[in-house]
Amino acid sequence: MKKFLSLILSLVVMLSVFFGCGKSESDGITVYYIDGCSQLTRAMDNYENNTGIKLNKVAFENSEDIQAKINTDEADVYLLRNGYTDIQKLMASGKLEPLNGYINNDESFNAENYFNGVMDCGIYSGENYILPFGFTLNSFYTTDGRLADYNAELSTESSLTDIMSEISKDIYENADNMNVSVTSVTYDAGKFASFYRVSGIDYIDTNNKTVNLNTPEFKAVADFCKALYKNAEKLTEIQSQLDSESVEDYTNNIGYFIGNNVNPMLYIYFQTIVTGYGGSNELNNVKALPLPMYNNSGKYCIDIDTFGAISSSSEYKNECYELLRTAMDTEGCLLEDSAANKVNSPVSVNKNSAKEVIDICLNDTNDSQFKLDNGKTVATAKYTQDFANETTDVYDNIEKAVLSNYSADNILSEVMIKYYRDEEDFNSCITELENKLTIYLNE
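Nothing here was measured: the structure is a model prediction, and the numbers come from that model.

So what's going on with the packing of helix 11 (residues 264-278) against helix 14 (residues 351-362)? Residues and values would help.
At a closest axis distance of 9 Å, the pairing of helix 11 and helix 14 adopts a crossing angle of 35 degrees. From helix 11, Pro264, Met265 and Ile268 reach across to helix 14, where they touch Val357, Ile358 and Cys361. Of the residues that constitute the contact of helix 11 with helix 14, the class distribution is six nonpolar, no polar and no charged.

Okay, structure coming up:
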């Protein structure tokens with residue numbers, strides 16, 4: 001729970017925003033940020049500790065609230081997450097401060113310290129408007145036993161088409177039994193938009209106002225998303241029929257867990273779940289299948305998850321820039337973070353910070369316990385050297401980074417769900433999607 005003083009400061013900031021009070025220098029820097037992400041809160045703590053400057057923090061839990069506030073009122077600086085704001089529209093609106101000048105004058109900034117492509121995100125008319133902090137990468141977590149049962153020769157060296165083909169085949173072959181194949185925390189159709197992004201398909205270009213949909217790559221990913229959606233419908237049906245005593249059988253029959261990350265903490269979570277229900281044996285060793293770029297096996301396109309921007313009207317732009325720089329070098333997730341944060345937190349865009357988390361996990365000697373859904377308490381799994389090597393190899397082969405387009409992804413999801421549900425054929429959906437995206441680009 002936040003301290004009483006922090007609550008008072010937050011209330012003062014919110015009152016000044018709602019009632020339009022003028023801001024004096026003593027008001028300090030107001031930060032609008034997305035709640036529930038340890039990287040963002042840790043970055044703000046680090047900044048306050050390093051500078052002695054108190055931040056006025058205003059948290060938001062959903063996209064509607066923060067989008068509405070940004071449209072009507074302005075903070076000094078925004079710490080955001082993928083899928084919460086239409087950042088492309090904000091970049092074009094004049095509400096955000098261009099950052100090229102700050103970056104060029106920053107003697108401590110070295111692009112080589114960050115993963116490939118991350119500084120190419122958030123560019124509008126030749127100017128950087130955001131600094132990225134953390135990324136995700138869609139991955140499927142499975143086991144040695146599952147791969148052996150289905151003769152699926154999949155590894156981190158497999159192509160995207162091979163991974164999609166094998167998982168789709170598995171889904172359709174098991175459509176009528178308990179072996180439901182794939183599970184995830186949520187199956188909102190909007191989540192599938194990320195599969196198009198991390199495949200490296202540039203289906204929309206905001207700067208040049210172009211749309212590129214009628215390609216074999218787009219069709220292949222659409223068919224994969226359709227298989228996942230069909231599986232999701234079956235999963236929902238099965239879950240509604242289960243009682244609490246069936247949870248263990250249900251979990252043992254899942255073939256692939258969808259994870260949106262290569263965060264070491266996510267591996268630990270899935271290995272704990274699998275070992276907890278199925279026991280410790282080689283067949284239950286978890287394997288991760290991070291999705292590579294289409295037609296570029298072994299190379300990866302990461303999805304920027306956390307990022308920040310500065311209001312063009314802020315009186316404290318230099319201080320705000322320092323906060324963004326602090327966040328760029330802040331770890332995505334640490335062992336002391338909550339279980340929810342461990343599963344959902346991004347990986348830092350800073351190469352050293354990302355690899356330090358791997359070392360922390362490898363050297364962790366503490367024994368902790370994890371409570372399964374059936375009430376059983378089990379030992380938390382240990383991070384393995386083999387998985388550390390595979391994760392490091394993924395990090396070393398990041399070639400591209402993308403920033404989600406909130407509005408375009410929503411349009412894509414609204415249209416393509418009709419294809420996933422067999423309500424319309426692919427060509428009809430593509431025609432509708434192209435028309436709607438073209439209207440969006442020219443609004």
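If you had to explain the packing of helix 14 against helix 15 (residues 385-396) to someone new, which residues and values would you point to?
As a packed pair, helix 14 and helix 15 sit with axes 11 Å apart at the nearest point and diverge in direction by 180 degrees. Considering their axes alone, helix 14 and helix 15 lie roughly antiparallel with respect to each other. When helix 14 is examined against helix 15, the residues Ala354, Lys355, Ile358 and Leu362 are found in contact with a partner set consisting of Gln385, Ala388, Thr391, Thr392, Tyr395 and Asp396. Considered class by class, the residues forming the contact of helix 14 with helix 15 number five nonpolar, three polar and two charged.

Report on the confidence of the model for the protein, specifying residues and quantitative values.
For the protein, per-residue confidence averages 83 on the pLDDT scale, and residues scoring 70 or more make up 85% of the total. Counted against residues more than four places away or in other chains, residues 1-26, with its pLDDT under 50, gives 22 contacts.

Summarise a negative patch on the surface; cite the residues concerned and give the values.
Where like charges cluster on the molecular surface, the negative patch consists of Asp35, Glu61, Glu64 and Asp65. Residue class for Glu61 comes out exposed when judged on its relative accessible area of 62%.

Can you lay out the pattern of salt bridges for me, pointing to particular residues and giving the numbers?
A side chain with one charge may pair with a side chain of the opposite charge, provided their charged atoms come close. What the rule picks out here adds up to 21 salt bridges. The salt bridge involving Lys57 is made with Glu48; its shortest N-O contact spans 3.2 Å. Taken individually, Lys57 and Glu48 each receive the classification buried, so the pair is uniform in this respect. For Asp305, the salt bridge goes to Arg81, with nearest N and O atoms at 2.5 Å. One end of the pair, Asp305, is in strand 13 (residues 300-310); the other, Arg81, is in strand 3 (residues 77-81), and 224 residues separate them in sequence.

Outline unusual backbone geometry, supporting the account with residue identities and numerical values.
Phi at Ser125 takes a positive value of approximately 50 degrees, unusual for a residue other than glycine. Its place among the elements puts Ser125 in the loop between strand 4 (123-124) and strand 5 (127-128). Judged by its relative accessible area of 58%, Ser125 falls in the exposed class. The phi angle at Asp422 is positive, at roughly 65 degrees, despite the residue not being glycine. By relative accessible area, Asp422 is classed as partly exposed at 47%.

Explain helix 3 (residues 63-72) to me, using residue names and the numbers behind them.
Those residues of helix 3 not exposed but buried are Ser63, Ile66, Gln67, Lys69 and Ile70. Projected down its long axis, helix 3 carries its buried residues within an arc of 165 degrees, all on one side. Turned more than 90 degrees off the buried face of helix 3, the exposed positions are Glu64 and Thr72. For helix 3, the side-chain oxygen to backbone nitrogen distance between the N-cap and Glu64 is 3.2 Å, and the N-cap itself is Asn62.

Conventions adopted
Residues numbered from 1 in each chain as written. Predicted model: local features only at pLDDT ≥ 70, side-chain atom pairs only at ≥ 80, totals over all residues. Heavy atoms only, no water. Axes fitted to C-alpha atoms, helices over the stretch in contact; angles between N-to-C directions. Helix = DSSP H or I, 4+ residues; strand = E, 2+ residues; numbered from the N terminus. Contact = heavy atoms within 4.5 Å. Nonpolar A, V, L, I, M, F, W, Y, C, P; charged D, E, K, R; others polar. Parallel < 35°, antiparallel > 145°, perpendicular 65-115°, else oblique. pLDDT = per-residue confidence, 0-100. Patch = residues over 30% accessible without salt bridge, like charges linked within 9 Å, V, L, I, M, F, W, Y side chains within 5 Å. Areas by Shrake-Rupley, 256 points an atom, 1.4 Å probe, with all protein chains shown as cover. Salt bridge = Lys/Arg side-chain N within 4 Å of Asp/Glu carboxyl O. Lys, Arg positive; Asp, Glu negative; His and termini not counted. Charge placed at Lys NZ, Arg CZ, Asp CG, Glu CD. Buried < 20%, exposed > 50% of the residue type's maximum accessible area, 1.4 Å probe, protein only. Arc of directions from axis to C-beta. Polar contact = N/O pair within 3.5 Å; in protein donor to acceptor, adjacent residues only side chain to side chain.

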